[in-house]
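Examining the three-dimensional arrangement
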Amino acid sequence: MSIAREIQKRRTFAIISHPDAGKTTLTEKLLLYGGAVQLAGSVTARKNQRATTSDWMELEKKRGISISSTVLQFDYDGYRINLLDTPGHKDFSEDTYRVLTAVDSVVMVIDSAKGIEPQTRKLFEVCRQRGVPIFTFMNKCDRPMKNPLELLDELERVLSIGAFPVNWPIGRGMDFQGVYDRHTQQMHLFERTVGGQFRAPVEVGSLHDETLRGRLDDDTFHHTVEELEMLEHAGHGFDDAAVLAGTTTPVFFGSAINNFGVQLLLDGFLKHSPGPKGRNVAQASRLPNPGANGDASSRDGRATLVAPEHPAFSGFIFKIQANMDPKHRDRIAFIRVCSGKFERDMTVLHPRSAKKVRLSSSHKLFGNERETVDEAYPGDIIGLVGLPDFGIGDTLTTDPAITFNEIPRFTPEAFSYLHNPNTAKYKQFRQGLDQLLQEGVIQALYLRNTASKIPLLAAVGPLQFEVVQYRLESEYGAESRLEPAPFAVVRWLPSGIAEDQLEALSLPTGSRIAYDMGRNPVILFANEWAADYFPQTNPNVPLSALPVQTAREP
């Protein structure tokens, strides 16, 4: 099969939502309807229930939340699907934002009783900035919910996006019985299954089918007909181009826990979602002029885009995870294939180190399960094992002119010292912390002019510290103790600043100079006021929220 055909088969997307909107439940049900699992797991993972496939970490199973993003790859209806389940809690948003760099579209899950919640809005804005098409699933329609018309209005008013309901709920709350597909003009009436573990039995027929009509009371039927007529006269039309441009979101209604509407969502998403798209290269990179290579160039001749059809293999690492396999305690780097064809045992360039690397241990992922993969195409997410020099954002390619710059960075907002209370376990503590730091969701800072080398952890949210402690003990056998640090803000100093200049700085009370893992100097402030006051006493010393990144030549 040609590379072009393989590219057309790929669909790579993430599921995003506010916590508790039902994101992980929907993930599991998409796997059920996609034929990837035979029995859907429970999101709460009680003792007598199965844990969800996507929540592989033990702490996730205990707390019933997603902590780490997970890759799930499976085949369905002629498509190769790469599904990424992401954390919803704001403290893990850095992991989610990075995942959004690796996908071509998203499914946004909304609790139909609560509407658009803060974290949903933040993630939506990230998708909008990146031009990622968004599909919406209004979940929990079998519980008390807002008026469906009000939910559509909220989408358009709060998110400033057109909303086209692909299907419409028939009844709501305890009376929710199914959905009406506006494209096929068919009713889908469902029956509940025990625990929602199996596909829900469904009857399909026209709106005036006598058999199906008999299952609906008069109020539900007439109310549904009135709303459908209203939509035809006042609603948006369906426009594939607007969906792909991210200006219109197709809306699906249903109940993930009871499997209502999941099949329609999956089929509708695959029909209207985009395949793999081109990726921007870093400004320092230059590619040949367009032609058979499929490159896109700007008017001045500088290439800015690598198309999936480009013959050279390329991809970027957007996530690193240690110890997904407890038997091996290894480290896996997740790479999004952007162009060309990946083949196991191929040799590629690692531009950051300027080294050539052989990719001999490659896997396709399904939660924490893995299977050796011999080839992959643009859109695929594969895992690479046993390559410790790889870092978040690194490019791998057979074309030296390609270097991606896809991964966003974030300023930490939470700080705590991490102590090792058991000196006999120093080796396990150090090894575990080093590997967890490589995953990129926490940083370690070290105070200047101090005898002790106690790491100061910095993260987007404090729950990351709990995860580090848990994983140190469960995965490395190392206890730890957290001590709150008196800092609330970190700012980076110029990387070339001299030691005598550091000594001469006038620091606000309670502030300290430290170094990050790359030996870049930072200042830790007690509060925003202190950070804002610093430039007044040090007008010639610029600060930045992140270390300045210089363009990297291959």
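My aim in this report is to walk through the structure given alongside it, one point at a time. (Residues numbered from 1 in each chain as written. Predicted model: local features only at pLDDT ≥ 70, side-chain atom pairs only at ≥ 80, totals over all residues. Heavy atoms only, no water.)

Considerations on the overall build of the chain
Our working definition: Helix and strand assignments follow DSSP, with helices taken as H or I runs no shorter than four residues and strands as E runs no shorter than two, numbered in order from the N terminus. Contact between two residues is taken to exist if any of their heavy atoms lie within 4.5 Å; hydrogens are not considered. We get accessible surface area from the Shrake-Rupley algorithm with a probe of 1.4 Å; when it comes to residues, only the shown protein chains can shield them.
The helix and strand tally for the chain stands at 14 helices and 31 strands. For the chain, restricting intrachain contacts to residue pairs at least 6 apart in sequence, the fraction spanning at least 24 positions comes to 70%. When the accessible area of the chain is evaluated, it comes to approximately 23,600 Å², of which 48% is carbon and sulfur surface.

Notes on the sheet that holds strand E28 (residues 481-484)
Put simply, the rule reads: Between any two strands, at least two bridges found by DSSP are needed for them to pair. Each axis is a line fitted through C-alpha atoms, and for a helix only the stretch in contact is used; angles between axes span 0 to 180 degrees, taken between their N-to-C directions.
Spatially, 7 strands are ordered E28-E25-E27-E26-E30-E31-E29 in an open sheet, and the strand pairing comes out antiparallel. Because the sheet does not close on itself, it has two edges, and the strands there are E28 and strand E29 (489-492). Each neighbouring strand pair of the sheet contributes to a mean axis angle of 40°, computed without reference to strand direction. Across 4 bridges, strand E30 (residues 512-515) lies against strand E31 (residues 521-525) in antiparallel orientation. What sits directly across from Ile-513, in E31, is Ile-523. Packing against the sheet, helix H11 (residues 426-438) makes contact with strand E25 (414-419), strand E26 (442-447) and strand E27 (456-459), and its axis sits at approximately 120° to E26. Running over the sheet, helix H12 (residues 463-476) touches E25, E26, E27 and E28 and is turned about 20° from E25.

Structural notes on the pattern of salt bridges
Just so we agree on the cut-off: Salt bridges, as used here, are contacts in which a Lys or Arg side-chain nitrogen is within 4 Å of a carboxyl oxygen on Asp or Glu.
On inspection of all chains with the given rule, the structure shows 25 salt bridges. When the shortest N-O distance is used, the salt bridge between Asp-153 and Arg-157 registers 3.3 Å. Taken as a pair, Asp-153 and Arg-157 lie in helix H6 (residues 148-158) at a separation of 4 residues, close to a single helical turn. Close ionic contact of Glu-375 with Lys-341 constitutes a salt bridge, the shortest N to O distance being 3.4 Å. Here Glu-375, found in strand E22 (residues 375-376), pairs with Lys-341, found in the loop between strand E16 (331-339) and strand E17 (342-343); they are 34 residues apart in sequence, far enough to count as distant.

Observations concerning the environment of Gln-197
Note the following rule: The rule is simple: take the accessible area with a 1.4 Å probe, protein chains only, and divide by the maximum for that residue type; under 20% is buried, over 50% is exposed, in between is partly exposed.
With respect to the helices and strands, the residue Gln-197 is situated in the loop between strand E9 (186-190) and strand E10 (202-205). Judged by its relative accessible area of 26%, Gln-197 falls in the partly exposed class.

Some points on unusual backbone geometry
When glycine is set aside, most residues are seen to have a negative phi, and most peptide bonds are trans. The backbone of Asp-20 shows a phi angle near 75°, a positive value even though the residue is not glycine. For Asp-20, the location among the structural elements is in the loop between strand E1 (10-17) and helix H2 (23-33). Accessibility expressed as a relative area gives 59% for Asp-20, which makes it exposed. Of note in this structure, Arg-519 is not a glycine but carries a positive phi near 65°. Inspection of the secondary structure assignment puts Arg-519 in the loop between E30 and E31.

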